[in-house]
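Here is what each chain is made of, one letter per residue.
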Amino acid sequence: MKLDSYRVIVLETNVLMTASEHAPHASDECVQQCVSVIEQVKQGTPTLALDNSGLILDEYQKRLRAYPDSVGYMFLRKWLDSNWHNIVLVDIQPINAEQGRFGVLSGRVLKGFDRDDKKFVATAVAAQNKLDNTVPIVNAVDSDYVEHFHALRALGVCVEFLCPEMQPPNAESAECP
């Protein structure tokens, strides 16, 4: 998948885990798509949006620490550590991060959506507000994004699905702008 049409993306942790071959249900094609996205980010198009409170970065570190030789960990340690100047940092206004409550999402309800993943949604919303541009969440294998696809689109949040086995029905009819 080419993400050239986006200047900035929010990279779900599962993309890094899948590229590192730590998503047993992911197909080989899915793993290759995830590796390709990481390579595109390393080349500068697109770049990443992260929350300035460090919630996404903390999750990256916690999940990848056990796999120090993995593609995801190497991306985290080598590219991310030395490319902070290329990253778009946004304020998601954490109210209660453990509960998935962020000021930038005030009044927006995602009933049943994994509260741990709401930081990615909040980051996408804050980045879109800051840049006045579409900033998609890039997902590999998290079914929550499939199950809540239309609710996310209704909130103005775009999700790009890397893996053919994780495409929501009728996704083509709700393509990202």
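Calculation rules
- Residues numbered from 1 in each chain as written.
- Predicted model: local features only at pLDDT ≥ 70, side-chain atom pairs only at ≥ 80, totals over all residues.
- Heavy atoms only, no water.
- Disulfide = S-S within 2.5 Å.
- Helix = DSSP H or I, 4+ residues; strand = E, 2+ residues; numbered from the N terminus.
- Buried < 20%, exposed > 50% of the residue type's maximum accessible area, 1.4 Å probe, protein only.
- Phe/Tyr/Trp six-rings, centres within 6.5 Å; stacked < 30°, edge-to-face > 60°.

**Concerning the state of the cysteines**
Taken as a whole, this structure holds one disulfide when the rule is applied. Paired through a disulfide, Cys30 and Cys163 show a sulfur-sulfur distance of 1.7 Å. Judged by the torsion about the S-S bond (55°), the Cys30/Cys163 disulfide is right-handed. With Cys30 in helix α2 (residues 28–42) and Cys163 in the segment after β7 (159–161), this pair connects stretches of sequence that are 133 residues apart. Look at Cys30 and you get buried, because its relative accessible area is 0%. Looking at Cys34, it has no disulfide partner, and the nearest cysteine sulfur is the one in Cys30, 4.5 Å off. Classification of Cys34 by relative accessible area gives buried; the value is 0%.

**Digging into the packing of aromatic side chains**
The final tally for this structure, using the stated rule, is three aromatic pairs. Ring plane angle 5° and centroid distance 5.2 Å describe the contact between Phe75 and Trp79, whose orientation is recorded as stacked. Taken together, the residues span about one helical turn, with Phe75 and Trp79 both in helix α4 (residues 71–82) at a distance of four residues. On the numbers, 5.3 Å between centres and 80° between planes, the contact of Phe113 with Tyr145 is edge-to-face. Residue Phe113 is located in the loop between β5 (101–102) and α5 (118–131), and its partner Tyr145 is located in helix α6 (residues 143–147); the two are separated by 32 residues in the primary sequence.

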